[in-house]
Amino acid sequence: MALTDAQIAIVKSTAPVLKEHGNTITTVFYNNLISENKGLSNVFNVTSQTTGRQPRALAGAVLAYATYIDDLPKLAHAVERIAHKHVSLQVTPAQYDVVGKYLIQAIGQVLGDAATPEIVDAWTAAYGVLAGVFINREGEMYKANAAEHWVGWRKFKITKKAAESSNITSFYLAPSDGGEARLPKYLPGQYVSVQVFVPELGYLQSRQYSMSQAPRAEGDYYRVSVKREEGEDVGIKGLVSNLLHANFNEGDEVEVSHPQGEFFADPEDKTKDGVPAVLISVSSGATPMMSILESLVATQGAVAPAIKRPVSWIHSSRSLATQPFDEAVRHICRDNEHVSANIFLRTDGSDGSVDGLSYHYGDTRLDIGKLDKDRDLFLNDPRSEYFICGPEQFMIDVRRALLALGVDKARISMELFSTGDVADE
């Protein structure tokens, strides 16, 4: 149902109010929604609730909708990102009705008499339009997944567990139901949701983990690499990551949803043949980059790429011990002349790291300014694409540096391992 001009005007006029009270509204919304619908505890990330990240993200999304309600194409990227996340979490159309009820209720509860019948009616209609956009897009994704005979949560067995660094462990996951059918071939950079029961909470929790390996020709297993989150940034240890590291071993089962995600590089897109790919990451941000890197070279067992792209791997780790995929990246660079690597490592060499082998820049954080503009960043090619993954502020800083060097914003893609999206500038 289309909004009337009057309803659009009302929604846009309330944007300043949402900017002022948005976090309060969304906090009340989540408190009411979850306290009265306990089953939804399985859907929402309890850590993001506790830190306030989830309410802030929703407040930002609602504000953006109010601002661009008459120019929705500007929200296309946000809609796509959220829709992928919803499908990964198995969100259903019926849940949109529940969410709408509690969101409108929260607006009235926080704004009080300021929430006039006209404002409530306009926002009810606006929410209905937005819900329709998501339901339609997510319906397309579910239909595509169903064509590959996989909708919903599926049991996978951990067939191998291997340390990639002191705080990152890879889990090799194969379907528990067996069978000869190949697993769907995901796009390098995409993720799956892994769902486990958290005893201390008494209910399920899901987290998204990027594939850390190129799609395999055999389609027999997926690999995700999980960083054990100690909570340095948010003050809360990662519930699921710590549980996986400590309690889940080879032979144990987890539930997994169909691969999703709008952050990817397609190794079969022939329009990208010869287009340089610059992969920039820090810490566990290397996981989707490893999938992309492997997909662009002929690694053993991987689907052979249809195109050849120059690749620059740029990574930063706190120490040699926390540096993931070190040996694998070195082997790829050795065997593929079109791939190069630059490693930033905070080390003085006393940990056994070797300059020029383990790292190229020591005792420093990742600094775009230290890299060769053409050899490492491919700034001489206006087609070059940049993939960035790491903490939000890191990605913002790298994007700012690239923009200052003349890179078109449209050629920069970022993956945030958290609720919401990277703040725009």
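Predicted model only: the values in this text are computed from it and were never measured.

Overview of the UniProt feature "domain: Globin" (unreviewed entry) in the chain
Then step 1. Feature annotation in UniProt assigns "domain: Globin" (unreviewed entry) to the following positions: residues 2-139.
Then step 2. In residues 2-139, helix accounts for 78% and strand for 0%; the two terminal C-alpha atoms are 20 Å from one another.

A closer look at the sheet that holds strand β12 (residues 412-415)
Then step 1. The parallel open sheet is built from six strands, whose spatial order is β10-β9-β8-β7-β11-β12. Every other strand in the sheet has two partners, leaving β10 (361-362) and β12 as the edge strands with one partner each.
Then step 2. Lying over the sheet, helix α9 (residues 286-295) contacts β7 (277-282), β8 (311-317), β9 (339-345) and β11 (385-389), oriented at roughly 155° with respect to β7.

Some remarks on the packing of aromatic side chains
Then step 1. Tallying each qualifying case throughout the model produces 11 aromatic pairs.
Then step 2. Arranged with centres 6.4 Å apart and planes meeting at 15°, the rings of Tyr-96 and Phe-134 form a pair that is stacked. Pair noted here: Tyr-96 is in helix α6 (residues 93-111) and Phe-134 is in helix α7 (residues 117-147), with a separation of 38 residues, a long-range link. Phe-134 matches Tyr-96 in its accessibility class, with the two residues each being buried.
Then step 3. A centroid spacing of 6.0 Å and a plane angle of 85° characterise the contact between Phe-263 and Phe-387, whose relative ring orientation is edge-to-face.

A few points about the nonpolar core
Then step 1. Counting 40 residues, the largest nonpolar core has Val-11, Phe-29, Tyr-65, Ile-69, Trp-123 and Ala-126 as the members making the most contacts within it.
Then step 2. Looking at this core, the elements that each hand over two or more residues are α1 (5-13), α2 (15-36), α4 (53-67), α5 (76-88), α6 and α7.
Then step 3. The next biggest cluster of nonpolar side chains, apart from the first, holds 23 residues, and it includes Ala-277, Leu-296, Val-339 and Ala-341.

A look at the packing of α2 against α6
Then step 1. Between α2 and α6, whose axes approach to 8 Å, the crossing angle comes to 125°. By the angle between their directions, the pair α2 and α6 is classed as oblique. The handedness of the crossing between α2 and α6 is right-handed. Where α2 approaches α6, its residues Val-17, His-21, Thr-24, Ile-25, Val-28, Phe-29, Asn-32, Leu-33 and Glu-36 are matched on the opposing element by Val-98, Val-99, Tyr-102, Leu-103, Gln-105, Ala-106, Ile-107, Gln-109, Val-110 and Leu-111.
Then step 2. Of the residues that constitute the contact of α2 with α6, the class distribution is 13 nonpolar, five polar and one charged.

How each quantity is defined
Residues numbered from 1 in each chain as written. Predicted model: local features only at pLDDT ≥ 70, side-chain atom pairs only at ≥ 80, totals over all residues. Heavy atoms only, no water. UniProt positions renumbered as here; feature names shortened; annotations may be inferred. Helix = DSSP H or I, 4+ residues; strand = E, 2+ residues; numbered from the N terminus. Pairing = 2+ DSSP bridges. Contact = heavy atoms within 4.5 Å. Axes fitted to C-alpha atoms, helices over the stretch in contact; angles between N-to-C directions. Phe/Tyr/Trp six-rings, centres within 6.5 Å; stacked < 30°, edge-to-face > 60°. Buried < 20%, exposed > 50% of the residue type's maximum accessible area, 1.4 Å probe, protein only. Core = buried A, V, L, I, M, F, W, Y, C linked by side-chain atoms within 4.5 Å. Parallel < 35°, antiparallel > 145°, perpendicular 65-115°, else oblique. Left-handed = near helix turned anticlockwise from the far one by under 90°. Nonpolar A, V, L, I, M, F, W, Y, C, P; charged D, E, K, R; others polar.

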